[in-house]
Amino acid sequence: MHRRTLLRAGTAALAAPAAFTALARGTAQAVPLPVQGVDLSSVPKAEDLGAVFRHADGTPGDPVAILAAGGANHVRLKVWVSSPDGYHGLPQILAMGQRAHAHGMRLLIDFHYSDSWADPGQQNKPAAWTGLSFADLEQAVYDHTHEILSGLARQGTPAAMAQIGNEINGGLLWPDGSTADFDALARLLTAGSRAATDATPGIEVALHLAEGGDNPATVWWFDNAVQRGVPFDVIALSFYGYWHGTLDDLRINAIDCAARYERDIVVAETAYPFVLADSDGHPNIIADPSQLVPDFGASLEGQADWVRAVSQVLSEVPEGRGRGLYYWEPAWIATPGNGWDPYDPASGNAWENQAFFDFQGRALPAATWR
């Protein structure tokens, strides 16, 4: 996920299918898909800082259990190499892996290959890797990926999928792995993919881009990856309707890429606000009515309808290749100390109005997949 407003032009939009209109009016049900996922990367830090999550009736509860009971069946967790706040590393991944598996949920591990946020605007090397030769950088990617995934496997909670890089439209580990030198990028991606399958035989490897409504850019990127033999199983896309085009742009891209590359598609990140207000005095990323997707209000119904609409799009990908979606950070409620900037404990949360829990920590309707 990234904070820049990205409004790149994708394939020309077609008339919205009737199903979308029904979804926006709250009259249609979500299409059940194999992946009904939630990114819960912020939960360990939130809990350590005193966050309280509640069932819809106000009763305190475990956020993992609450979301699992609502139908979520996959958990996505990001990994930073040496996080400045001490989170998103092996100890948290192992603990969250145990919690997810206890509720029958499968794991997607999202490797950023950075000490902090990696996205289309920033793909900074971890501090410990800055002086490495390219060969040593390849080895570092392999070793880091293998360490996390083999740790999960050893404790009996193996990951089902590994995401090699996060929103890597421009590559990763800049400048070495920039798309300006796709041959070098392909070597780094292959090192991560090989480590994943070595650590967990049978795991699926995903490659993840932002701007999921931009078909020409997606095709350009994956053409280059395929031409260089990068091994992967799943195409992962971020799709935020206030940045990445229309639902029909997503449908066109997903259908085309599934057929073109014979891979399944997941939306690895999506989200939508249930309100435009904020609860901590820190400006929210989506805070103005002009930012909203037409026909989807910033309301409890609008948020739930957005999840249904993205599910509907993926259900239209032929041969069942629209695997499902992960909602990004539905448990990132405003908790003092758990803000945007991992270097600054005083930073605020710009995301709490897009969580699946309200400002009192109570589960919202969108927390129940239906």
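Above this text is the structure in question.
Participant: Explain helix H6 (residues 182–199) to me, and be specific about the residues and the numbers.
Facilitator: Helix length check: H6 (18 residues) gives 25 Å between terminal C-alpha atoms against 26 Å at 1.5 Å per residue, within 8%. Packed against the buried residues of H6 are helix H5 (134–154), strand E6 (161–164), strand E7 (171–172), strand E8 (177–178), strand E9 (204–209) and helix H7 (215–227).

Participant: Which residues make up the packing of helix H4 (residues 90–102) against H5, and what are the values?
Facilitator: Angle between the axes and distance between the axes are the two parameters that describe a pair of packed helices. The contact between H4 and H5 brings their axes to 10 Å, and the two run at 30°. Pair H4 / H5 crosses with right-handed handedness. The residues of H5 that touch H4, namely those facing Leu90, Ile93, Leu94 and Gly97, are Glu147, Ile148, Gly151 and Leu152. Class assignment for the residues of the contact of H4 with H5 results in five nonpolar, two polar and one charged.

Participant: Report on the nonpolar core, specifying residues and quantitative values.
Facilitator: If you look at the biggest cluster of nonpolar residues, it comprises 102 residues, and the most contacted ones within it are Leu40, Ile109, Leu149, Leu189, Trp221, Trp351 and Phe357. In terms of residues, this core owes the most to one element, H6, which gives nine residues. Counting residues in each nonpolar core, the second largest holds nine residues, with Val35, Leu108, Ala268 and Tyr326 among its members.

Participant: Quick rundown of the environment of arginine 321? Include the residues and the values.
Facilitator: The residue arginine 321 is located in the loop between helix H9 (300–315) and strand E12 (322–327) in this model. A residue is classified by how much of its surface remains accessible, and arginine 321, at 21% relative accessible area, is partly exposed. Separated by 67 residues in sequence, arginine 321 and alanine 254 place their C-alpha atoms 8.8 Å apart.

Participant: Describe the pairing of strand E1 (residues 35–39), listing the residues and the values that go with them.
Facilitator: On a regular strand, each side chain points to the face opposite its neighbour's, so the side chains alternate between the two faces of the sheet. A large share of E1 lies buried, amounting to five of its five residues. Neither face of E1 is exposed, since Val35, Gly37 and Asp39 on one face and Gln36 and Val38 on the opposite face are all buried. Two strands pair when backbone bridges link them, and E1 and E12 are joined in this way by four bridges, in the parallel orientation. Note on E12: the bridge partner recorded for valine 38 is tyrosine 327. In terms of strand pairing, E1 meets strand E4 (residues 74–79) through three bridges, oriented parallel. The residue bridging glycine 37 from the neighbouring strand is histidine 74, located in E4.

Thresholds, definitions, all that
- Residues numbered from 1 in each chain as written.
- Predicted model: local features only at pLDDT ≥ 70, side-chain atom pairs only at ≥ 80, totals over all residues.
- Heavy atoms only, no water.
- Helix = DSSP H or I, 4+ residues; strand = E, 2+ residues; numbered from the N terminus.
- Expected span 1.5 Å × (residues − 1).
- Contact = heavy atoms within 4.5 Å.
- Axes fitted to C-alpha atoms, helices over the stretch in contact; angles between N-to-C directions.
- Left-handed = near helix turned anticlockwise from the far one by under 90°.
- Nonpolar A, V, L, I, M, F, W, Y, C, P; charged D, E, K, R; others polar.
- Core = buried A, V, L, I, M, F, W, Y, C linked by side-chain atoms within 4.5 Å.
- Buried < 20%, exposed > 50% of the residue type's maximum accessible area, 1.4 Å probe, protein only.
- Pairing = 2+ DSSP bridges.

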